Amino acid sequence: KKQRFDLIQEYGHRPPLFTPFLPLANIYVFIRWLYRRYAVKKDPNADSKEQSLKKKLISFEENATEVLLRSKDDEKKSHIEHQIKGTHRDVRDLVNNVTVIRHYIERSQQQASNGEEERIGAQSRQRKNEGWVPTGTLKRGEQTIVRFPVLPCQASWSVEFADYSPVECDLVSQGEQGQDPADATEIEGFNEITEKEEEGKTVKVMRNSIHPGGFELEERTNRPINPWGRTGMTGRGDFWVWGVNPTVDSVVTRWKRDEDGRPIERSGKFVLEFLSLFRERDNVWSIPGMIVPKGKTYGDIHGESLLKKVFEEGDDEDVSKALHELFSHAISVGTIYSKDQRNTDNAWIETHIANVHDSTGTTVEHIPTRTEKTRWMVIHSHLKLFASHIEILERVAAKHQAYF
């Protein structure tokens, strides 16, 4: 069923004909639209039927998720022997790795005079820093930029990569308010939180990184160097700001409950649900969030991100009260480097995780959502989400000691 769903997602909206017959397909779609619009009488119960169908689909997906999680748990319990064998294999590999490392250390001590020590050290750091790198392309309008390929083992700047030739990319339209100048030499205050006066007010500008060593600047261009590693692309890419682009991802959670209103348990832990938002641009579910504009802090933007992306405040006093009650329970879960496909060598996202937990599950019921592209989803480790959002949910689940 999952494979069929993916197939429909991929091909459902594609035209039935190929080039050069696309105009015929478009004419057919237009005629069908005219027929449905003017010739077919609308069923007065169509809206209620559609809502009923949506509820059935959501119920089906929740049941399918429950079956998947139950099968995963049963699979874990029934493979104890396999886990023991896996542990034995891991221990054996660890012993082999220790032997190899000891061999390299002894060899480096013997050949330190001819520079062998530095080479071995670089190889050791390479193994340690094998990590994530963006893949694919960046698109805006008609522009498509393809990255220089980088393997995970080549991501760290400490690993020698003589053939590294990243692609320059700047998709930013100049003149937008709040964006950095194209020339990074005009910018001061990198690696700092600075204050400046704007319209008689003191505002903060965050240009610091959570990386333990901060980040370095290119000597000639003054561009920040992404301390988390190579990306295969230089420039600002799709971002407005050089260096750190701080964002806030706001995770709204509640306990998953049965028909009697009791929290559901799995593997001895309660199960959480989170409010997700569908990103049409990337065709994937995500956590609501937004980039922190200059002059604002993480705390300033948290409630604003939820209001702009998910909740509809309006003029209803009960809704305003519910929103105030919800935001008053917000907690910070930490800040991480986001594995965002838009990251470049000179601009990247570091996201602050804010969690709003509705322990009773009743407060959020009084708050209308802004779009139909939102829904409650069970938190578990098999979700396929945007960027580092699965890591964010793992941290939130750990914060509540919930199932993951």
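## Some points on the nonpolar core
Line of reasoning, step 1. Formed by 17 residues in total, the largest nonpolar core has its most connected members in V251, F274, I353, I392 and L393.
Line of reasoning, step 2. If you list the elements that add at least two residues to this core, you get β7 (243-255), β10 (272-279), β13 (330-337) and α8 (389-399).
Line of reasoning, step 3. It is α8 that contributes the most residues to this core, 4 residues altogether.
Line of reasoning, step 4. Once you skip the residues sitting within four places of it in the chain, I392 turns out to touch D249, V251, I287, I336, T351 and I353.

## Observations concerning the pairing of β7
Line of reasoning, step 1. In terms of burial, β7 is a largely internal element, 13 of the 13 residues being buried.
Line of reasoning, step 2. Direction of pairing for β7 relative to strand β14 (residues 347-358): parallel, over a ladder of 12 bridges. Its bridge partner being in β14, D249 is matched across the sheet by I353.
Line of reasoning, step 3. The pairing of β7 with β10 spans 3 bridges and is classified as antiparallel. Along β10, the bridge assignment pairs T253 with F274.

## Section: the side chain of T253
Line of reasoning, step 1. Checked against the element boundaries, T253 lands in strand β7.
Line of reasoning, step 2. Those residues within four positions of T253 in sequence are excluded, and the remaining contacts are L272, E273, F274, N355, V356, H357, D358, W376, I379, V396 and H400.

## Focus: the packing of aromatic side chains
Line of reasoning, step 1. Counted under the stated rule, the structure contains 10 aromatic pairs.
Line of reasoning, step 2. Residue placement shows R254 over the ring face of W376; its charged tip is 4.0 Å from the ring centre.
Line of reasoning, step 3. Stacked on the ring of F386, the Lys or Arg R279 has its end atom at 3.8 Å from the ring centre.

Rules and cut-offs
Residues numbered from 1 in each chain as written. Predicted model: local features only at pLDDT ≥ 70, side-chain atom pairs only at ≥ 80, totals over all residues. Heavy atoms only, no water. Core = buried A, V, L, I, M, F, W, Y, C linked by side-chain atoms within 4.5 Å. Buried < 20%, exposed > 50% of the residue type's maximum accessible area, 1.4 Å probe, protein only. Helix = DSSP H or I, 4+ residues; strand = E, 2+ residues; numbered from the N terminus. Contact = heavy atoms within 4.5 Å. Pairing = 2+ DSSP bridges. Phe/Tyr/Trp six-rings, centres within 6.5 Å; stacked < 30°, edge-to-face > 60°. Lys NZ or Arg CZ within 6 Å of the ring centre and 35° of its normal.

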